[in-house]
Amino acid sequence: QTCALPISFGAPPCTSDDLHSCCFATDFERVCTSFCKRCPAGYTCPNNATITPFPCAYGNHCPIGSASPLPCPSGLSCPTPSQEPQPCLANTFSAGGATQCLPCQVGYWTVGQVNQSACTPCPVGKQCPLRSVEALECPVGKFSLGGQQECSECEPGTWTNSKTGQSVCSGC
């Protein structure tokens, strides 16, 4: 393989005879008679003249050979810049650029899915207990208007017509 231009990284300028390998924008520490080293994970090497790699900021991930930081995608977390993004588990979310996934607030859930960028309110007639991966129907005698962790009791003198999953209680 031949290089279009001689490139040196702190070494004397290379001559065409010294070009045993090519260095690319994501490589650093080239010595003319040696080889290029890939930019290490957790760092960026923005150009082919990079001598010292730059640390990748938290909320990003920088795999081996990164020329620039990659923002952590929505629905994933990047605990450290050198790690691959990690999936958000059910009932946790990230809007992107996160070092950790956040739990859904009370009465919200991720519809039992992973890798979510937001939580949605628990459906009408159902309750979403903390850390539950499913919305549970309100039992007989209870109701939910949606967005509830627990179903509410019917007032005295009202009922749910012996049905589950109700959004209102009716008079007896």
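Parameters at a glance
Residues numbered from 1 in each chain as written. Predicted model: local features only at pLDDT ≥ 70, side-chain atom pairs only at ≥ 80, totals over all residues. Heavy atoms only, no water. Helix = DSSP H or I, 4+ residues; strand = E, 2+ residues; numbered from the N terminus. Contact = heavy atoms within 4.5 Å. Areas by Shrake-Rupley, 256 points an atom, 1.4 Å probe, with all protein chains shown as cover. Polar contact = N/O pair within 3.5 Å; in protein donor to acceptor, adjacent residues only side chain to side chain. Disulfide = S-S within 2.5 Å. Buried < 20%, exposed > 50% of the residue type's maximum accessible area, 1.4 Å probe, protein only.

A. Quick look at the overall build of the protein. A tally of regular secondary structure across the protein gives 0 helices and 18 strands. In the protein, 24% of the contacts between residues at least 6 apart in sequence involve partners at least 24 apart. Carbon and sulfur atoms make up 57% of the accessible area of the protein, which amounts to about 9700 Å² in all.

B. Up close: the side chain of Thr 110. By the element assignment, Thr 110 lies in the loop between β11 (108-109) and β12 (120-121). Separated by 2.7 Å, the side chain of Thr 110 and the backbone nitrogen of Asn 91 make a polar contact.

C. Structural detail: the state of the cysteines. Applying the stated rule across the entire model yields 8 disulfides. Note that Cys 88 is cross-linked by a disulfide to Cys 101, the S-S spacing being 2.0 Å. One disulfide, between Cys 88 and Cys 101, carries an S-S torsion of -85 degrees and so falls in the left-handed class. A residue pair is termed long-range when its members are at least 10 positions apart, and Cys 88 in the loop between β8 (86-87) and β9 (92-93) and Cys 101 in the loop between β9 and β10 (102-103) qualify at 13 residues. In this structure, Cys 88 and Cys 101 share a single accessibility class: buried. Take Cys 172: it sits in no disulfide, and the sulfur closest to it among the cysteines is that of Cys 154, at 8.7 Å. For Cys 172, a relative accessible area of 76% corresponds to the exposed category.

D. Region of the structure containing the environment of Ser 82. Examined against the element boundaries, Ser 82 turns out to sit in the loop between β7 (76-77) and β8. Note on Ser 82: relative accessible area 41%, which makes it partly exposed.

E. Spatial organisation of unusual backbone geometry. A positive phi angle is found at Asn 91, which is not glycine, with a value near 65 degrees. In this structure, Asn 91 sits in the loop between β8 and β9. At Ser 162, a residue that is not glycine, the phi angle is positive and equals roughly 60 degrees. By the secondary structure assignment, Ser 162 is in the loop between β17 (158-159) and β18 (170-171).

F. Broad picture of the side chain of Ser 66. Residue position: Ser 66 is located in the loop between β5 (60-61) and β6 (70-71). A distance of 2.7 Å separates a polar side-chain atom of Ser 66 from the backbone oxygen of Pro 63.

G. The environment of Cys 78, seen in detail. Its location among the elements puts Cys 78 in the loop between β7 and β8. Expressed as a C-alpha distance, the spacing of Cys 78 and Ala 98, which sit 20 residues apart in the sequence, is 6.2 Å.

H. Local environment of the environment of Pro 63. In this structure, Pro 63 sits in the loop between β5 and β6. Along the chain, Pro 63 and Thr 44 lie 19 residues apart, while their C-alpha atoms are 8.7 Å from each other. Setting aside anything within four residues of it in sequence, one finds Pro 63 in contact with Pro 40, Ala 41, Leu 70 and Glu 84.

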